[in-house]
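Descriptive structure summary
Below, each chain spelled out in residue letters.
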Amino acid sequence: MLPIASLTFLRLKEPAFLLLVAVGLFISYCISGLGSFSSDIVSRDLLFGQSETQGTILLGSILVTLLGGLITVFNAAAEIPRDISSRMIAILLSKPISRLGYIWGKYLGTLAIGLSCSFLWLSFMLFSRIFLRGELDEVVTTGMLWRQYACLVFLIPLTGVSVGISCYFSDIVAMIITCIYMFVCFVGALAPVVVNFVGETSLAYAVLLPYYLFPNSIYYFQSYTDASDYLGLLAYAISTAILFVFLGRARFDNGDIF
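Residues numbered from 1 in each chain as written. Predicted model: local features only at pLDDT ≥ 70, side-chain atom pairs only at ≥ 80, totals over all residues. Heavy atoms only, no water.

Before going further, it helps to spend a moment on the pattern of salt bridges. Within the structure shown, the criterion is met by three salt bridges. In this structure, Glu 79 and Arg 82 form a salt bridge, with 3.2 Å as the shortest nitrogen-oxygen distance. Note that Glu 79 and Arg 82 are positioned in helix α4 (residues 59-85) at a spacing of three residues, about one turn of the helix. Since its relative accessible area comes to 33%, Arg 82 is described here as partly exposed. Two residues, Glu 79 and Lys 106, come together in a salt bridge whose shortest N-O distance is 2.7 Å. (Salt bridge = Lys/Arg side-chain N within 4 Å of Asp/Glu carboxyl O. Helix = DSSP H or I, 4+ residues; strand = E, 2+ residues; numbered from the N terminus. Buried < 20%, exposed > 50% of the residue type's maximum accessible area, 1.4 Å probe, protein only.)

The following block contains the structure:
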């Protein structure tokens, strides 16, 4: 598993990735002056009828996370189909590596790439905001800085979804399906807002079905106040990733991948 992960992570040395990192740094600087997104207003005021606001997330942090998500989807969706089409997977699985270990290796390597790029871009964005632009305000505190990096947890399930789907389809199809799936997840995550405005009706509760059937994307950008909240977020993300990795393994166990 670890050799597969290391081999995947070494793709960062390719010129295309280095150019991508440079472009990401430029984008990070450009968006470092953006304002903040009061996530508590959405998650508490609209969903639960509360007015307490406990913090904000910088819009730049959300955009950097989404940018890292796009890179993760494109990379994760292409890794396994590329190995299958090139017959490289036959060579890799001839080694003492199980099929599940191969999938986990691809997952960990792709996640490492996404987190590394996103962490670098987010750190540069915050550095630019604080030191280059000098925009010090109530949002940029120690606690809020921690919340910016907590957004990157979103990449954990996103990588799992991408890798799991890529076990069944070609790279382009897997990218499209993953993007559609995550869009459905995002729309489904807004269901409680609809229920809050419409009222407690049978139709409103039917709208909640996607909210429970699909990962809640907005959950990763809500506000958290203590360690238990962050641990719950991490457990939620990891469990989703594990589910999709094992769905990908089912394709490897039941289908002819060669």
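There is more to say after this.
Attention now moves to the packing of helix α8 (residues 155-166) against helix α9 (residues 171-189). Running from N to C, α8 and α9 point in directions that differ by 140°, and their axes come no closer than 9 Å. Looking at the two axes, α8 sits oblique to α9. In the crossing of α8 with α9, the sense of the turn from one axis to the other is right-handed. Of the residues in α9, those touching α8 at Leu 158, Val 161, Ser 162, Ile 165 and Ser 166 are Ala 174, Ile 177, Thr 178, Tyr 181 and Met 182. Classifying every residue of the contact of α8 with α9 by side-chain character gives seven nonpolar, three polar and no charged. (Axes fitted to C-alpha atoms, helices over the stretch in contact; angles between N-to-C directions. Parallel < 35°, antiparallel > 145°, perpendicular 65-115°, else oblique. Left-handed = near helix turned anticlockwise from the far one by under 90°. Contact = heavy atoms within 4.5 Å. Nonpolar A, V, L, I, M, F, W, Y, C, P; charged D, E, K, R; others polar.)

A few words on the packing of aromatic side chains. In the structure shown here, the tally under the stated rule is four aromatic pairs. Both rings, one in Phe 119 and one in Tyr 149, keep their centres 5.1 Å apart while their planes meet at 35°; by these two values the pair is tilted. Here the residue Phe 119 occupies a position in helix α6 (residues 99-132), and Tyr 149 occupies one in helix α7 (residues 142-150), the gap between them amounting to 30 residues. Given the relative accessible area of 25%, Tyr 149 is considered partly exposed. Ring plane angle 70° and centroid distance 5.5 Å describe the contact between Tyr 181 and Phe 244, whose orientation is recorded as edge-to-face. Taken together, the residues span a long stretch of sequence, with Tyr 181 in helix α9 and Phe 244 in helix α13 (residues 227-254) at a distance of 63 residues. Across the pair, Phe 244 and Tyr 181 agree in class, each one buried. (Phe/Tyr/Trp six-rings, centres within 6.5 Å; stacked < 30°, edge-to-face > 60°.)

Residues Tyr 102, Ile 103, Tyr 107, Ile 156, Tyr 220, Phe 221 and Phe 252 are the most contacted members of the largest nonpolar core, which totals 41 residues. Taken together, the elements giving at least two residues each to this core come down to α4, α5 (88-93), α6, α8, α9 and α13. The residues touching Tyr 220, leaving out its near neighbours within four places in the chain, are Cys 151, Val 153, Phe 154, Pro 157, Leu 233, Tyr 236 and Ala 237. Leu 12, Phe 17, Val 21 and Ile 31 belong to the second largest nonpolar core, which has 14 residues in total. (Core = buried A, V, L, I, M, F, W, Y, C linked by side-chain atoms within 4.5 Å.)

Below, the discussion takes up the confidence of the model for the protein. Looking at the protein as a whole, its pLDDT mean stands at 78, while 79% of the residues score no less than 70. Mean pLDDT per element in the protein: helix α3 (residues 39-48) is the minimum at 40, and α8 is the maximum at 91. Of the regions scoring below 50 in pLDDT, residues 39-54 engages in 36 contacts with residues more than four places distant in sequence or in other chains. (pLDDT = per-residue confidence, 0-100.)

Below, the discussion takes up a nonpolar patch on the surface. A surface patch of nonpolar side chains, about 730 Å² in accessible area, is lined by Ile 172, Ile 176, Ile 180, Phe 183, Val 184, Phe 186, Val 187 and Leu 190. Within the secondary structure, Val 187 sits in helix α9. (Patch = residues over 30% accessible without salt bridge, like charges linked within 9 Å, V, L, I, M, F, W, Y side chains within 5 Å. Areas by Shrake-Rupley, 256 points an atom, 1.4 Å probe, with all protein chains shown as cover.)

We now examine helix α1 (residues 2-9). Side chains of residues three or four places apart in an α-helix project in the same direction, reflecting 3.6 residues per turn. Residues of α1 that are buried: Ile 4, Ala 5 and Thr 8. On an axial view of α1, the arc spanned by its buried residues comes to 100°, and they lie on one face. Summarising the geometry of α1, the exposed residues directed more than 90 degrees from the buried face are Leu 2 and Pro 3. Structurally, α1 contributes buried residues whose contacts are with α4, α5 and α6. (Arc of directions from axis to C-beta.)

What follows concerns α9. Counted at 1.5 Å a residue, the expected span for α9 with its 19 residues is 27 Å, and the 27 Å between its end C-alpha atoms agrees. Of all the positions in α9, only Ala 174, Met 175, Thr 178, Tyr 181, Met 182, Cys 185, Gly 188 and Ala 189 are classed as buried. Down the axis of α9, the buried side of the element spans an arc of 160°, and every buried residue falls inside it. Of the residues in α9, the exposed ones pointing more than 90 degrees away from the buried face are Ile 172, Ile 180 and Phe 183. (Expected span 1.5 Å × (residues − 1).)

This part covers the side chain of Thr 8. By the secondary structure assignment, Thr 8 is in helix α1. Only 2.9 Å separates the side chain of Thr 8 from the backbone oxygen of Ile 4, close enough to count as a polar contact. Beyond its immediate stretch of four places on either side in the chain, Thr 8 contacts Glu 79, Gly 105, Lys 106, Gly 109, Thr 110 and Ile 113. (Polar contact = N/O pair within 3.5 Å; in protein donor to acceptor, adjacent residues only side chain to side chain.)

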